[in-house]
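# Coordinate analysis (summary)
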Amino acid sequence: MGESRKHVSVLGLGRMGAALAGALLGAGHDVSVWNRSPLKAGPLLDRGARLAATPGEAASADVVISCLSTYDIQRPVLAAASPKVLVNLTSGTPEQAREAAKWAASAGIEYVDGVIMAVPQGIGTPDARILYSGSAPVFEAQRGVLEVLGEPVFLGEDAGLAALYDLALLGMMWSSMGGYLHALALVGTEGVRPAQFTPMALGWHTAVGGFLTGIGAQVADGDYETDVSALDINAAGLGLLVETSRAQGIGTAVPAALKELFDRAVAAGHGSHAIASVIEEIR
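Conventions used here
Residues numbered from 1 in each chain as written. Predicted model: local features only at pLDDT ≥ 70, side-chain atom pairs only at ≥ 80, totals over all residues. Heavy atoms only, no water. Patch = residues over 30% accessible without salt bridge, like charges linked within 9 Å, V, L, I, M, F, W, Y side chains within 5 Å. Areas by Shrake-Rupley, 256 points an atom, 1.4 Å probe, with all protein chains shown as cover. Salt bridge = Lys/Arg side-chain N within 4 Å of Asp/Glu carboxyl O. Helix = DSSP H or I, 4+ residues; strand = E, 2+ residues; numbered from the N terminus. Buried < 20%, exposed > 50% of the residue type's maximum accessible area, 1.4 Å probe, protein only. Pairing = 2+ DSSP bridges. Contact = heavy atoms within 4.5 Å. Axes fitted to C-alpha atoms, helices over the stretch in contact; angles between N-to-C directions. Core = buried A, V, L, I, M, F, W, Y, C linked by side-chain atoms within 4.5 Å.

## A closer look at a nonpolar patch on the surface
A cluster of nonpolar side chains, L164, Y165, L169, M172, W204, V208, F211, L212 and I215, forms an exposed patch at the surface whose accessible area comes to about 870 Å². Contributing elements (two or more residues each) for the nonpolar patch: α8 (161-188), α9 (194-209) and α10 (212-221). Of all the elements, α8 adds the most residues to the nonpolar patch, at four residues. Considering the arrangement of structural elements, one finds L169 in helix α8. Residue L169 is classed as partly exposed on the basis of its relative accessible area, which comes to 38%.

Here you go:
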């Protein structure tokens, strides 16, 4: 790697932290690792990583990447480490990220916050994407290291943006998975196997994704007029889904929550408007 080779320390060797350290080793970086349980470092040490005895020892690196389980666990570790450059990949809330950025600034630490939109097995592959926010100069200075981990996407200088995007995107994922699992349970009451239903679900999911741009435009404009599908029709459809789920003997928690939300929007006067109008009730 020549002059691009850096000394990088990784704090935390859970599945994700170990994957990050492994990708850095694979790219030829000089990697130090620290974990509360040093035994987890074994496979990485075999590949050439160095074990830091303390967070402070790990902080001697050109850049420190923190990937611990929570901010509460991370806080004393970072205080003990006091690195020169910190890339924080510990998951948390936007406010926690902003507080960490303020702490880093007060301690003279160059800081960028990030969230990993990938599973550990995807780290270091073209499929991995990592969102960053915070100091633009720090992000640019460390881009060579960050590109090893996955596609780096910089969102802005508000350190909380990456966490905000993360939770928003995960919310979509969890909602989609919840809907899919409810659908499997529903068709399963009549003996339909997942392998039979999933291809149709995938096609439908792709089609529904095509609606997002239009919905987003309606939200941005605040114009919810529609000649396609009014909210009251969709609320009635949710009622049928709840009724059928109950009749088929499965739980109604997933569609019932949406029905309650849609019904509130209809009651607020949005019955003839597009589904996008539901955002007014969410707000």
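## So, the sheet that holds strand β8 (residues 151-154)
Read across the sheet, eight strands follow the order β3-β2-β1-β4-β5-β6-β7-β8 without closing on themselves; strand pairing throughout is mixed. The open sheet has two edge strands with one neighbour each: β3 (50-51) and β8. Relative to β8, strand β7 (residues 129-134) runs parallel, the two being bridged by four bridges. Bridged to I130 within β8 is P152. The strands that helix α4 (residues 71-81) touches are β1 (7-11), β2 (30-34), β4 (63-66), β5 (85-88) and β6 (110-116); relative to β5, the one it contacts most, it runs at about 170°.

## Describing the pattern of salt bridges
For the structure shown, the criterion picks out eleven salt bridges. Note that E151 is salt-bridged to R129, the shortest N-O span being 3.2 Å. Of this pair, E151 sits in strand β8 while R129 sits in strand β7, placing them 22 residues apart in sequence. Its relative accessible area of 39% is what places E151 among the partly exposed residues. The exposure class assigned to R129 is partly exposed, which follows from its relative accessible area of 41%. In this structure, R264 and E260 form a salt bridge, with 3.0 Å as the shortest nitrogen-oxygen distance. Residue R264 and its partner E260 are located together in helix α12 (residues 253-270), separated by four residues, close to a single helical turn. In the salt-bridge network here, residues are joined through shared partners; they are E95, R98 and D158.

## Thoughts on the nonpolar core
Ranked by size, the top nonpolar core spans 32 residues in total, and within it L20, L24, V33, I65, L89, Y132 and L149 carry the most contacts. It is helix α1 (residues 15-26) that contributes the most residues to this core, seven residues altogether. Discounting residues that sit within four places of it in the chain, L149 has contacts with L20, A23, L24, I65, L89, I123, G124, A128, I130 and Y132. With 17 residues, the next largest nonpolar core counts L11, W34, V64 and A97 among its residues.

## Quick look at unusual backbone geometry
Even without being a glycine, S82 presents a positive backbone phi close to 50°. Positionally, S82 belongs in the loop between α4 and β5.

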